[in-house]
Amino acid sequence: MTTIDRTSPNPFLAGNLAPVHEEVTVTNLRVTGTIPHELTGRYLRNGPNPAGSVNEAKYHWFTGHGMVHGIRLESGNATWYRNRWVRTKEVCDLKGGTPPPSDWPADHPSFPANTNVIGHAGRTFAIVEAGSPPVELSYDLDTIRVSNLDGTLPFAFSAHPKRDPRTGELHVMTYYWGWGNQVQYLVVGVDGRVRRHVDIPLPGGPMIHDLAITERYVLIFDLPCVFNLDAAMKGARLPYFWDPAYEPRIGFLPREGSAHDVKWVTIDPCYIFHPMNAFDDGDEVVLDAARHPRMFDREQRGPSEGDPVLTRWRLNPHAGTSRENVISDRPQEFPRIRESLIGQRYRFGYCAGIGAGFAQDTLTKVDHDAGTVVARSDQPRYGYGEPVFVPRQSSFESHNGSTGSGYEDDGYLIALRHDTETDTSDLAIFDAQAITDDPVAVVHLPVRVPNGFHGNWIPDATLDA
Ligand SMILES: [Fe+2]
């Protein structure tokens with residue numbers, strides 16, 4: 001065991017992927033520019049942040065304890081920043097605090113809730129895949145409980161629920177090695193209770209990080225990064241590796257269908273963590289996603305098997321056909337869109353550009369209609385993490401859910417950026433229609449926020465849901 005430093009030989013512990021060591025609370029943050037008054041709520045972000053020492057050579061990026069960072073905006077002010085580990089018994093032993101109550105038996109899987117943080121049904125949850133349930137947090141990011149969603153969650157959750165903008169329901173694909181060769185699809189109602197679950201048998205046990213939805217289908221990414229029992233028996237914390245013998249397929253589950261109704265389309269070998277979006281187009285389904293050539297093959301501590309490249313598939317679930325085309329060969333990941341267009345035809349997407357060592361460096365805006373990618377790079381000083389699109393309130397009210405309008409990108413693009421000169425982070429707020437212009441506002445934090453995985457803007461107004 002060694003002490004982590006910023007120049008770790010493990011790329012997933014180096015640079016701005018390195019963990020921070022303190023929980024802090026800072027109020028009345030310094031702001032440059034003008035924070036739009038309509039942004040009242042919290043920008044929350046989750047990522048792996050080991051609370052103690054780790055085996056530096058073998059550490060897998062996905063296995064660190066969860067740490068949630070939050071910045072609260074209100075009426076043009078940035079009122080606080082705080083970061084908190086998601087409390088587990090292990091974190092409490094290392095950092096103090098009382099382990100939270102759990103709705104589950106003591107032997108339930110407890111993979112660290114380190115990947116995403118969402119607001120749903122008036123609650124805040126830190127979430128992860130691989131068998132673990134959601135962990136409910138307070139408004140101020142203290143851990144409240146390990147949740148079973150009021151007794152309705154069968155077993156496991158995911159880091160990537162997709163909210164259907166038409167219904168407000170969450171669509172979730174879950175997996176757990178102990179189930180054998182199957183995954184479980186969930187629908188969580190606007191009341192925060194699971195209303196439907198479907199067990200779907202598969203030929204193996206793939207890692208399924210995310211899903212996509214369209215108006216007709218739920219897409220299942222059955223791809224060749226699969227559970228490896230030998231590695232699990234040897235103690236690997238995340239025993240999922242590339243298996244070239246496993247057939248890469250995408251499944252199409254009709255939105256209210258059963259496992260028998262799933263149609264499968266074989267695609268060329270690749271791995272997908274994150275779709276940008278998907279939508280129905282006649283008999284076909286269009287899927288846009290960050291395509292990795294492989295996953296956890298030669299590098300088994302994090303994604304590093306070649307550039308992630310935005311790709312468009314046109315898939316026909318009835319004919320079983322697939323065509324794929326590169327959207328842009330610029331390495332990009334963590335795609336986001338205007339979320340009122342999830343599952344529908346759309347024009348714009350936003351990503352973090354990916355540099356060496358999986359560093360998140362630039363902001364990108366993809367225009368599918370124009371076939372262009374606009375990039376904002378402030379290298380070498382700033383590295384931008386995953387951006388989040390927040391609709392301008394007036395456009396949200398007038399055009400929410402509309403397709404093909406000129407207003408799809410009327411809003412703000414919000415991202416944390418690491419300042420390599422000061423070794424601190426800023427929350428940068430851009431006009432999404434002009435991301436290469438100066439930011440509308442910058443909130444200056446006195447500390448560094450590691451790149452981590454995923455974040456969301458959670459307006460206070462949604463807490464009344
Ligand atoms: Fe993810």
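Position labels on residues start from 1 in each chain and follow its written sequence. Only residues with pLDDT of 70 or above have their local features reported here, since the model is predicted, and side-chain atom pairs are shown and tallied only from 80 upward, although totals for entire chains, interfaces and linings are computed over all residues.

Draft legend 1. A look at the overall build of the protein. Helix numbers and strand numbers start at the N terminus; a helix is a DSSP run of H or I with at least 4 residues, a strand a run of E with at least 2. When helices and strands are tallied, the protein shows 3 helices and 32 strands. Relative to the compact-globule value of 23 Å for 465 residues, the protein shows a C-alpha radius of gyration of 21 Å, a close match. Projected onto its principal axes, the C-alpha coordinates of the protein cover approximately 55 × 55 × 40 Å. The burial tally for the protein puts 49% of its 465 residues in the buried class. The long-range fraction of contacts in the protein, counting pairs at least 24 apart against all pairs at least 6 apart in sequence, stands at 57%. Every radius of gyration here is taken over C-alpha atoms, with the globule rule written as 2.2 Å times N^0.38, N being the number of residues. Partly exposed residues are those falling between the two cut-offs: more than 12 but fewer than 20 other C-beta atoms within 10 Å of their own, whereas 20 or more means buried and 12 or fewer means exposed, with C-beta atoms placed from the backbone. Each residue gets a C-beta atom placed from its backbone, and two residues are in contact if those atoms lie within 7 Å.

Draft legend 2. Expanded view of the nonpolar core. A126, L219, I220, C225, L413, I414 and I429 are the most contacted members of the largest nonpolar core, which totals 126 residues. Ranked by the residues each element gives to this core, the list is headed by strand 20 (residues 271-281), at 6 residues. Linking buried Ala, Val, Leu, Ile, Met, Phe, Trp, Tyr and Cys residues through C-beta atoms within 7 Å yields a set, and such a set is a nonpolar core.

Draft legend 3. Fine view of the sheet that holds strand 8 (residues 135-137). Following DSSP output, two strands are said to pair if at least two bridges run between them. The strand order 6-7-8-9 describes an open sheet built from 4 strands, whose pairing is antiparallel. Edge positions in the sheet fall to strand 6 (116-120) and strand 9 (143-146), since each of these pairs with one other strand and no more. Taking the axes of each pair of neighbouring strands and ignoring which way they run, one obtains an average angle of 30° across the sheet. Note: strand 6 against strand 7 (residues 123-127), 5 bridges, orientation antiparallel. Bridge pairing in strand 7 places V117 opposite A126. Angles run from 0 to 180 degrees between N-to-C directions of axes, and those axes are lines fitted to C-alpha atoms, restricted for helices to the stretch in contact.

Draft legend 4. Representation of the sheet that holds strand 4 (residues 66-74) within the structure. An order of 1-5-4-3-32 is seen for the 5 strands of this open sheet, with the pairing classed as antiparallel. Looking along the sheet, the strands with just one partner apiece sit at the ends: strand 1 (25-27) and strand 32 (454-459). Mean inter-strand twist for the sheet, computed between neighbouring axes without regard to direction, equals 10°. Direction of pairing for strand 3 (residues 41-48) relative to strand 4: antiparallel, over a ladder of 8 bridges. In the sheet register, N46 faces strand 4, and the bridge partner there is V68.

Draft legend 5. Focus on the pairing of strand 15 (residues 217-222). Most of strand 15 sits inside the fold, with 6 of its 6 residues counted as buried. Side chains Y217, L219 and F221 of strand 15 all project onto a buried face; the interleaved residues V218, I220 and D222 project onto the opposite face, where all are buried too. As paired elements, strand 14 (residues 212-213) and strand 15 share 2 bridges and run antiparallel to each other. Following the sheet pairing, A212 is matched in strand 15 by L219. What sits between the antiparallel neighbours strand 14 and strand 15 is a turn of 3 residues.

Draft legend 6. Here's a closer look at the environment of S147. By secondary structure assignment, the location of S147 is in the loop between strand 9 and strand 10 (162-163). In sequence terms S147 and N451 are 304 residues apart; their C-alpha atoms lie 26 Å from each other. Leave out the neighbours within four places in its chain, and S147 touches D103, F125, P133, P134, V135 and E136.

Draft legend 7. Seen up close, the pairing of strand 30 (residues 424-431). Extensive coverage of strand 30 is indicated by the burial of 6 of its 8 residues. Strand direction decides the pairing type here: strand 29 (residues 411-419) and strand 30, joined by 8 bridges, are antiparallel. In the strand pairing of strand 30, A415 is matched with A428. Count of turn residues in the strand 29/strand 30 antiparallel hairpin: 4 residues, of which D423 carries a positive phi of about 55°. Of the strand pairs in this sheet, strand 30 and strand 31 (residues 441-444) are connected by 4 bridges, and their pairing is antiparallel.

Draft legend 8. How the structure looks around unusual backbone geometry. For the bond from Q379 to P380, the omega torsion is 5°, close enough to zero to count as cis. With respect to the helices, strands and loops of the structure, P380 is situated in the loop between strand 26 (372-376) and strand 27 (382-384). Residue D150 is not a glycine yet carries a positive backbone phi of 55°. Residue D150 is classed as exposed on the basis of its 12 C-beta neighbours within 10 Å. Even without being glycine, F296 reaches a positive phi, approximately 55°. A residue is classified by how many C-beta atoms lie within 10 Å of it, and F296, with 26 of them, is buried.

Draft legend 9. View of the confidence of the model for the protein. pLDDT is a per-residue confidence score from the predictor, ranging from 0 to 100. Averaged over every residue, the pLDDT of the protein is 94; the share at 70 or more is 96%. Note that residues 1-5 has pLDDT below 50 and, in this model, 8 contacts with residues that lie over four places away or in other chains. Per-residue pLDDT stays below 50 along residues 397-405; that stretch engages in 9 contacts with residues further than four places along the chain or on separate chains.

Draft legend 10. Up close: the environment of L315. Mapped onto the elements, L315 comes out in strand 22 (residues 309-316). Owing to 24 C-beta atoms within 10 Å, L315 belongs among the buried residues under this scheme. Sequence separation between L315 and W61 is 254 residues; the distance between their C-alpha atoms is 32 Å. If we ignore the near neighbours within four places in the chain, the residues touching L315 are I250, V265, E284, V285, L287 and S322.

Draft legend 11. Representation of the environment of D93 in the model. Looking at the secondary structure, you find D93 in helix 1 (residues 89-95). Once the C-alpha coordinates of D93 and G52 are considered, the two residues, 41 residues apart in sequence, prove to be 9.8 Å apart.

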